[in-house]
Amino acid sequence: MLKNGRFISPIVSCKWLNDNRHLKALIILDARVTTNDTSSEETFIPNSRYFDIKGKFSDLKAEFPNTIPSPEQFQNEARQLGINSDSLIVVYDDKGMYWSPRVWWLFKTFGFDNVAVLNGGLPEWVKNDYETTSALLRPHWHPGNFSAVYQSERMCFFDDIINLSEDDSVMLLDARSKERFQCEVPEPRVGLRSGTIPKSKNLPYTRLFDGYCLKPKSDLKAVFDTFKIGDNSLIFSCGSGITACILALAAEISDYKNLTVYDGSWTEYGTLTT
């Protein structure tokens, strides 16, 4: 999984992480989203540091949820986690692979590529009976020297999507369920209308999984091949910019280039259009 100290794949197996937990540069990030009624009996991978995706790593002043933070905010919060320019990051969450691909994409968006998602996340780790703990790692580290360099091509916004109607070189894939995409069920977010971004196609993120893990590369490529992507650039959308990153992860594994996530996704588009 490593070559010259760098990940050669955007995902790592639970076995790899268990076998390499001793690596000095390794930082394990837990990206679960907690709630007020979270049980005190939670389980974690040992030495995990908490990546607060909805708090410290989102723009809380933005109109829409999960909005990408500024480079300055991301850099400061990453440094507070002890992340350095030469760190080796593995990120997981407690749902399998739901929040963690967003973290992976954020790091790449801010110019840091030596990051990988744990394939199957905590459920797969527990399934394999690897060691767990009941607490996150308590801060004991010095601030890191991580430097954020914003890669604008990795994120797009409302105005970019509006202009897509005149660009035949871009394909937009929506990660929401078929029922949401086809407006057969209401959106889960209160007050948000149902709908679909014009010219978008539906690829429910659940099609990419076998249990909690992503399907093998050959199977992922077969899924993407059904869309006849060719040389088109890809933009990924969903409800609020989270599961779109799962599509981006699977597309990178499948060797697609020119990948972009629509940060506001349907929450923004559906709110700003009628």
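Up top is the structure.
Here the structure is a predicted model, which means the values were calculated and not measured.

Some points on the pairing of strand 13 (residues 233-237)
So, point 1. For strand 13, a buried count of 4 out of 5 residues is recorded, marking the element as mostly surrounded by other parts of the structure.
So, point 2. In this structure, strand 9 (residues 170-174) lies alongside strand 13, joined through 5 bridges in parallel fashion. Residue pairing in the sheet places Val170 in a bridge with Ser233 of strand 13.
So, point 3. Note: strand 13 against strand 14 (residues 259-262), 3 bridges, orientation parallel. Paired with Phe236 across the strands is Val261, a residue of strand 14.
So, point 4. With respect to chirality, the unit in which strand 13 leads through helix 8 (residues 244-253) into the neighbouring parallel strand 14 is right-handed.

Some thoughts on the layout of surface pockets
So, point 1. Taken as a whole, the largest pocket spans an internal volume of roughly 370 Å³.
So, point 2. Residue lining of the largest pocket: 21 residues in total, with Tyr98, Arg180, Pro188, Gly239 and Ser240 positioned closest to the centre.
So, point 3. Residue composition of the lining of the largest pocket, grouped by class: 9 nonpolar, 7 polar and 5 charged.
So, point 4. In this model, the second largest pocket occupies a volume close to 290 Å³.
So, point 5. Forming the boundary of the second largest pocket are 18 residues, of which Lys24, Ala25, Leu26, Ile27 and Arg49 lie nearest the centre.
So, point 6. Ranked by the residues each element gives to the lining of the second largest pocket, the list is headed by strand 4 (residues 26-30), at 3 residues.

Things to note about the sheet that holds strand 6 (residues 88-92)
So, point 1. The strand order across the open sheet formed by 5 strands is 3-7-6-4-5, and the pairing between neighbours is parallel. On the outer flanks of this sheet lie strand 3 (11-12) and strand 5 (48-50), each paired with one strand and no other.
So, point 2. Of the pairings in the sheet, the one linking strand 3 to strand 7 (residues 115-118) comprises 2 bridges and is parallel in character. Paired with Val12 across the bridge in strand 7 is Leu118.
So, point 3. Strands in contact with helix 3 (residues 100-109) are strand 4, strand 6 and strand 7; relative to strand 7, the strand with the most contacts, it is inclined by about 175°.

Structural notes on the side chain of Ser254
So, point 1. The topology assignment puts Ser254 in the loop between helix 8 and strand 14.
So, point 2. In this structure Ser254 touches Lys217, Leu220, Lys221 and Phe224, once residues within four positions along its chain are discounted.

Comments concerning helix 3
Three- or four-residue spacings in an α-helix give side chains the same orientation, since the helix completes a turn every 3.6 residues.
So, point 1. Here helix 3 lies mainly inside the structure; 10 of its 10 residues are buried.
So, point 2. Positive backbone phi, at 85°, marks Gly111, one or two positions downstream of helix 3.

Regarding the packing of helix 7 (residues 217-225) against helix 8
So, point 1. Between helix 7 and helix 8, whose axes approach to 9 Å, the crossing angle comes to 110°. When the axes of helix 7 and helix 8 are compared, the pair comes out roughly perpendicular. You can see that helix 7 and helix 8 cross each other, and the crossing is left-handed. Residues Lys217, Leu220 and Phe224 of helix 7 pack against Leu247, Ala250, Ala251 and Ile253 of helix 8.
So, point 2. Tallied by class, residues from the contact of helix 7 with helix 8 come to 6 nonpolar, no polar and 1 charged.

Focus on the packing of aromatic side chains
Describing an aromatic ring pair means giving the distance of the ring centres and the angle of the ring planes.
So, point 1. Within this structure, the stated rule accounts for 20 aromatic pairs.
So, point 2. Note on Phe57 and Phe74: the rings are 5.2 Å apart at their centroids and 70° apart in plane angle, and the pair reads as edge-to-face. Pair noted here: Phe57 is in the loop between strand 5 and helix 2 (71-80) and Phe74 is in helix 2, with a separation of 17 residues, a long-range link.
So, point 3. On the basis of relative accessibility, which here comes to 2%, the residue Phe57 falls in the buried class.
So, point 4. Centroid distance Trp104 to Trp105: 5.5 Å. Interplanar angle 50°. Geometry classified as tilted.
So, point 5. Trp105 gets classed as buried once you look at its relative accessible area, which sits at 0%.
So, point 6. Chaining the aromatic ring pairs together yields one cluster made of Phe51, Phe57, Phe74, Phe107, Phe110, Phe112, Phe146 and Tyr150.
So, point 7. One Lys or Arg, Arg49, reaches over the ring of Trp141 and ends 4.0 Å from the middle of that ring.
So, point 8. Across the ring face of Trp105, the terminal group of Arg154 is positioned such that the distance to the ring centre comes to 5.4 Å.

Parameters at a glance
Residues numbered from 1 in each chain as written. Predicted model: local features only at pLDDT ≥ 70, side-chain atom pairs only at ≥ 80, totals over all residues. Heavy atoms only, no water. Buried < 20%, exposed > 50% of the residue type's maximum accessible area, 1.4 Å probe, protein only. Helix = DSSP H or I, 4+ residues; strand = E, 2+ residues; numbered from the N terminus. Pairing = 2+ DSSP bridges. Right-handed = clockwise from strand over helix to strand, strands pointing away. 1 Å grid on protein atoms, 1.4 Å probe; cavity = no way out; pocket = protein on both sides within 12 Å on 5 of 7 lines; lining within 4 Å. Points joined across faces, edges and corners; volume = space filled by probe spheres on them. Nonpolar A, V, L, I, M, F, W, Y, C, P; charged D, E, K, R; others polar. Contact = heavy atoms within 4.5 Å. Axes fitted to C-alpha atoms, helices over the stretch in contact; angles between N-to-C directions. Parallel < 35°, antiparallel > 145°, perpendicular 65-115°, else oblique. Left-handed = near helix turned anticlockwise from the far one by under 90°. Phe/Tyr/Trp six-rings, centres within 6.5 Å; stacked < 30°, edge-to-face > 60°. Lys NZ or Arg CZ within 6 Å of the ring centre and 35° of its normal.

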